[in-house]
Amino acid sequence: MCNYLMKAFFLSVVTLYLTEQKQYYTYGFAPNNHQQHTFNIIHSSSLLKHGTHLKLQLPLYAKAKGGRTTRSMAEKRKKWGRKVMPKIMERPKILDELPKPDQWDKIDSSKNVKDEQAIQKKKEEEITRSKAAALIALQKRSVEVLTHVRSRVESLPSDDIVKAMSGGSYIVFDDILGTELCSEMKNEGQTMYLDNKLELDLASGVTSGEYVVPIKGGQEQYTDCPRSVEYVVSLTRHLVGMLNKLVVCESGEDTPTSNTFHLGYKLDETASMSSLRVFDRKARLSSLALLTGKENPDEDDSSVHDMEEKRQFSCVVDPSSGDVDLRRVTVVYFMTPDDWDGECGGGITFRNKDGNEISVEAKNDRLLLFSSENSPRCVEKWIGKNGIEGACSCIVTHLLQQRQ
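Residues numbered from 1 in each chain as written. Predicted model: local features only at pLDDT ≥ 70, side-chain atom pairs only at ≥ 80, totals over all residues. Heavy atoms only, no water.

**Comments concerning the pattern of salt bridges**
Next, step 1: One pass over the structure, following the stated rule, counts 17 salt bridges.
Next, step 2: For Lys197, the salt bridge identified is with Asp224, shortest N-O distance 2.8 Å. In this pair, Lys197 sits in the loop between helix 6 (179-194) and strand 6 (199-200) while Asp224 sits in helix 7 (residues 218-224), placing the two residues 27 residues apart along the sequence.
Next, step 3: Accessibility expressed as a relative area gives 23% for Asp224, which makes it partly exposed.
Next, step 4: For Glu269, the salt bridge goes to Arg237, with nearest N and O atoms at 3.0 Å. Highlighted residues: Glu269 in strand 8 (residues 267-279) and Arg237 in helix 8 (residues 226-244), separated in sequence by 32 residues.
Next, step 5: With a relative accessible area of 42%, Arg237 lands in the partly exposed category.
Next, step 6: Shared partners join several salt bridges into a network, and the residues in it are Arg141, Glu144, Glu180, Glu184, Arg227 and Glu230. (Salt bridge = Lys/Arg side-chain N within 4 Å of Asp/Glu carboxyl O. Helix = DSSP H or I, 4+ residues; strand = E, 2+ residues; numbered from the N terminus. Buried < 20%, exposed > 50% of the residue type's maximum accessible area, 1.4 Å probe, protein only.)

**Thoughts on unusual backbone geometry**
Next, step 1: Of note in this structure, Asp175 is not a glycine but carries a positive phi near 50°.
Next, step 2: One non-glycine residue, Asp365, adopts positive backbone phi at about 60°.
Next, step 3: According to the relative accessible area criterion, Asp365 is buried, its value standing at 5%.

**Observations regarding the side chain of Ser371**
Next, step 1: For Ser371, the location among the structural elements is in strand 12 (residues 366-371).
Next, step 2: Judged by relative accessible area, Ser371 falls into the buried class, the value being 2%.
Next, step 3: At a separation of 3.1 Å, a polar atom in the side chain of Ser371 contacts the main-chain amide nitrogen of Asn374. (Polar contact = N/O pair within 3.5 Å; in protein donor to acceptor, adjacent residues only side chain to side chain.)

Structure representation (structure tokens):
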């Protein structure tokens, strides 16, 4: 483009004025064919002798506005390269962990697979060992509970128990299982209640706040309440075995160790009927508030008493029903807060042959035994008291007569 312009202005006349000599000079311009991007100045002044041509080789580019010279892109890039020093790039450390390019084809993929399989196998072995350790711990605890219940039951005075059963009375033992086992069983009942595995006992009333579930054992229920199931199993097996030693049959085949008191039947050592009962005071107050329309109902209010059916005295087995009922001995194990007293309810009131009434309070770690056939009793409603926190429950077990 520049050569084309120079050719267009070939031999053009330009007049310059020199201020020092006050003369005008005329120059002719012609492109230099031997050096690219330059042109020749042909001087025609008479000041030069013999008309010698003055040749000046000037760069083709002119100065831009502001005194700066326009440069080509190549020169600009060269200049930029001198001003901006390249940053030193550090080699990523992760590349040191990778194999070299000439080793890529030599990697054995089967080795990685074997390593992954070994890691997975190790994890599975650790899980198996942890499960085995947990199972061993559960079995160990189970054996401890069964043995503990057996030792406590066998320490009870069997003669006194038989005397109470044959006379239609009751007998009470305190601190029977100990605080640790009692707390475990109490917590099991509370957890099952919170998990909605208990149902409201409608026989006790819709405002009773009492929830019940049968204890039948089995894998699923054993997971929910292992200590309670073990208690029932060990109690049935060893208490029945102890009482059966004092049995006198009508045929006289068995000889009792006591000549005064005895049972006239044999109990079944392999079967019983048990249930877990849990009391929730908040549920009771909520139901009373719903029925009375009062936000904070007073349990001593006459309207509350009129609403709740009064509980009557009766035996566990009703001989007038005509149904076959094999329940003979009833055992109640109470689990309550330590500050639970008689005003909180939950106890059982007995009526003896003289018509006198005697109340047995619900107390933590208390065992109550009475005759299912001959002991009239009234189960008191559970009430509770403000300020008493914690689970309130009991396990009721009926020992059955052995089938003929």
